[in-house]
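Residue-level structure breakdown
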Amino acid sequence: MRTFDVRFKKKVVRKYLSGKGGYKIPAAKYDIADSLVRRWVGAYQHHGSAGLVLRQARANKPRATKPMSQRNANSAILLVECN
């Protein structure tokens, strides 16, 4: 998956905001999907430049999990209840 820096996103948004051709013109010029242009324009209009900053992927965030002993105990309880 390609990633884009904030400067590039701003350039694309400015091209769109110049009012010529809708989402497809900047998408074709910069070889990106018009849905990306639409998303970036919306983020820029709603949040300003901060809306174009990269967000960390959810997969990288640590999740709270139960300790293994508690998960095994819960599984054992389910097995006993089912039989």
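Residues numbered from 1 in each chain as written. Predicted model: local features only at pLDDT ≥ 70, side-chain atom pairs only at ≥ 80, totals over all residues. Heavy atoms only, no water.

This part takes up the overall build of the protein. From N to C terminus, the protein includes four helices and zero strands. Moving toward the C terminus, one meets the helices and strands of the protein in the order α-α-α-α. Classification of the 83 residues of the protein by burial places 18% in the buried group. Long-range pairs, those at least 24 residues apart, make up 48% of the contacts in the protein between residues at least 6 apart in sequence. (Helix = DSSP H or I, 4+ residues; strand = E, 2+ residues; numbered from the N terminus. Buried < 20%, exposed > 50% of the residue type's maximum accessible area, 1.4 Å probe, protein only. Contact = heavy atoms within 4.5 Å.)

Attention now moves to the pattern of salt bridges. Counting across every chain of the model gives two salt bridges. A salt bridge links Asp5 to Arg7, with the shortest nitrogen-to-oxygen separation between them at 3.8 Å. Between Arg38 and Asp34 there is a salt bridge, and its shortest N-O distance comes to 3.5 Å. Residue Arg38 and its partner Asp34 are located together in helix H3 (residues 34–47), separated by four residues, close to a single helical turn. A relative accessible area of 40% places Arg38 in the partly exposed class. (Salt bridge = Lys/Arg side-chain N within 4 Å of Asp/Glu carboxyl O.)

Now for the packing of aromatic side chains. Applying the stated criterion across every chain, the model contains five aromatic pairs. Summarising the aromatic geometry, the rings of Phe4 and Phe8 are spaced 5.2 Å apart at their centres and angled 20° between planes, so their arrangement reads as stacked. Owing to a relative accessible area of 18%, Phe8 belongs among the buried residues under this scheme. When the ring of Tyr16 is compared with that of Tyr23, the centres are 4.6 Å apart and the planes differ by 5°; the resulting orientation is stacked. The class of Tyr23 is partly exposed, set by a relative accessible area of 26%. A cation over an aromatic ring shows up here: Arg38 above the ring of Tyr23, its NZ or CZ 5.5 Å from the ring centre. (Phe/Tyr/Trp six-rings, centres within 6.5 Å; stacked < 30°, edge-to-face > 60°. Lys NZ or Arg CZ within 6 Å of the ring centre and 35° of its normal.)

Examined against the element boundaries, Lys15 turns out to sit in helix H1 (residues 6–17). With 22 residues separating them in the primary sequence, Lys15 and Val37 have C-alpha atoms 9.8 Å apart.

Before going further, it helps to examine the packing of H1 against H3. Helix-helix packing is characterised by the crossing angle of the two axes and by the distance between the axes. Contact pair H1 / H3: the axes reach a minimum separation of 9 Å and the direction vectors enclose 90°. In terms of orientation, H1 lies roughly perpendicular with respect to H3. Residue-level contacts link Phe8, Lys9, Val12, Val13, Tyr16 and Leu17 of H1 to Val37, Trp40, Val41, Tyr44 and Gln45 of H3. Looking at side-chain class alone, the contact of H1 with H3 contains nine nonpolar, one polar and one charged residues. (Axes fitted to C-alpha atoms, helices over the stretch in contact; angles between N-to-C directions. Parallel < 35°, antiparallel > 145°, perpendicular 65-115°, else oblique. Nonpolar A, V, L, I, M, F, W, Y, C, P; charged D, E, K, R; others polar.)

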